[in-house]
Amino acid sequence: TWCVSFLPILLLIMLLAVFRVSTARAAGVTLLLTVLSALVVYKADIQLVLFESLKGVWSTATILYIIFPALLLYELIAASGAIDVMNDTMRQLSPHELFRILTVGWVFVGFLQGITGFGVPVAICVPMLVALGVRPTMAVIIALLGQAWGNTFGTLAVAWDVLVQISGNTALLLWILNLAAGALICWLYDRGRGLRQGAVFVLVISLIHGGGELLVAQYNASIAAFIPATVAMAAILPLSRLPMYRRAYACEGSPMMVRRTSATGAEKPRGAVWLYFAPYMVLILVTVVLLVIPSVHEALSRWSVGFAFPETRTAYGIVNAATAKYSPFHPLVDSGTVLLLTCIISYALLHGRGLLERSQLRVMLSRTLQ
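Asker: Any chance you could explain the packing of helix H5 (residues 97-115) against helix H7 (residues 136-147) here in plain terms?
Answerer: Packed helices, taken two at a time, are described by the angle their axes make and the gap between the axes. At a closest axis distance of 8 Å, the pairing of H5 and H7 adopts a crossing angle of 50 degrees. Classified by the interaxial angle, the pair formed by H5 and H7 is oblique. H5 and H7 meet at a crossing whose hand is right-handed. Listed contacts from H7 to Ile101, Gly105, Trp106, Val109, Gly110 and Gln113 of H5 are Ile142, Ala143, Gly146 and Gln147.

Asker: Help me understand the packing of H5 against helix H12 (residues 273-292) in this model?
Answerer: H12 packs onto H5 with a crossing angle of 35 degrees between their chain directions and a minimal axis gap of 11 Å. In the packing of H5 onto H12, the handedness of the crossing is left-handed. Here Phe108, Phe111, Leu112 and Ile115 of H5 lie close against H12, whose contacting residues are Tyr280, Leu283, Ile284 and Thr287. Residue classes in the contact of H5 with H12 are distributed as seven nonpolar, one polar and no charged.

Asker: Honestly, the pattern of salt bridges in this entry has me stumped. Any pointers?
Answerer: Inspection of the entire model under this criterion finds three salt bridges. Note that Glu52 is salt-bridged to Lys55, the shortest N-O span being 3.3 Å. On the criterion of helical spacing, the pair formed by Glu52 and Lys55 is a turn pair, its members being three residues apart in helix H3 (residues 46-79). The partly exposed category is assigned to Glu52, whose relative accessible area is 25%. We classify Lys55 as buried; its relative accessible area is 7%. Between Glu311 and Arg313 there is a salt bridge, with the nearest N and O atoms lying 3.0 Å from each other. Residue Glu311 is classed as partly exposed on the basis of its relative accessible area of 40%.

Asker: I would appreciate a short explanation of the state of the cysteines in the present structure.
Answerer: Disulfide: a covalent bond formed between the sulfur atoms of two cysteine residues. This model, assessed by the stated rule, comprises zero disulfides. Among the cysteines around Cys251, which has no disulfide bond, Cys186 carries the closest sulfur, lying 12 Å off. Between Cys343, a free cysteine, and Cys125, which holds the nearest cysteine sulfur, the sulfur-to-sulfur gap is 15 Å. Owing to a relative accessible area of 4%, Cys343 belongs among the buried residues under this scheme.

Rules used throughout
- Residues numbered from 1 in each chain as written.
- Predicted model: local features only at pLDDT ≥ 70, side-chain atom pairs only at ≥ 80, totals over all residues.
- Heavy atoms only, no water.
- Axes fitted to C-alpha atoms, helices over the stretch in contact; angles between N-to-C directions.
- Helix = DSSP H or I, 4+ residues; strand = E, 2+ residues; numbered from the N terminus.
- Parallel < 35°, antiparallel > 145°, perpendicular 65-115°, else oblique.
- Left-handed = near helix turned anticlockwise from the far one by under 90°.
- Contact = heavy atoms within 4.5 Å.
- Nonpolar A, V, L, I, M, F, W, Y, C, P; charged D, E, K, R; others polar.
- Salt bridge = Lys/Arg side-chain N within 4 Å of Asp/Glu carboxyl O.
- Buried < 20%, exposed > 50% of the residue type's maximum accessible area, 1.4 Å probe, protein only.
- Disulfide = S-S within 2.5 Å.

Printed below as a string of structure tokens:
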């Protein structure tokens, strides 16, 4: 029975990594095998398969509610031309290439992880890193490293309690992970020289990330990544003023980068530069109002939605307890609601200022659905 329980996981890995089968087909085949093994080996009845599958559908729906507006926000930002403007602003902020990579791939990724999770920071920041000249595969690796320290908190600290039970030094361990991630990004960029060039940046940001997380987690684990990640975003400006980051630095032979011949100059912004950063300002504001202010968060958290499920059991005596409200969904304080409100407000603002046309909305929605 142990081998059969492991088989679907092994099959999924083999289909995706070895045989390169599409995700949809691999998942479908694996699901079919899982259902068959449940019925044949574990003597589960149809009712168990049905109800546990419906639980999976519900869990998927709540995650998609976060992923959809996150991708829509990216499409909105990209359609307005904000990514090009932000990259140009980054180059003006510092001629130091590693500084820019760390800012997007560690600081900004960590900020988004503190709000959303579910891979949203990777989906938004990887294209920004690619626009900075980072190889696509390396862009994914950097984004995954940069957000790893906040994974425990990205879903409003779902995993935090479990880690606390395992180790009382959880926040300290995550601080070590955070410091290692920043250092590793520097190493991947330019080995030892990259470590020396990024040392001050990494130490300061890690002190804010790790030290802030260690402090805030004692009071409110739900925002233990968001608060220090926001402070770290604010620290970028004074760091960019340091003499070492005012000097041009780029590793020509870096395996992380793709050197392209620069084309004609970037298109000039069609409005004030701050407008292109407005969606992220709105994101911070909505997050603070809905998630950070205790009285507001507590009041809005009282309403939840969920479905009742009866008890199910297998012939081996494995019991799935009955629940009156399985995995309750709190729509007013969910990360998806934060992102959805951000999309609505940002579209209204950018459309009102002429940076987005009404005809682009259908295209953005279509690309997000796809």
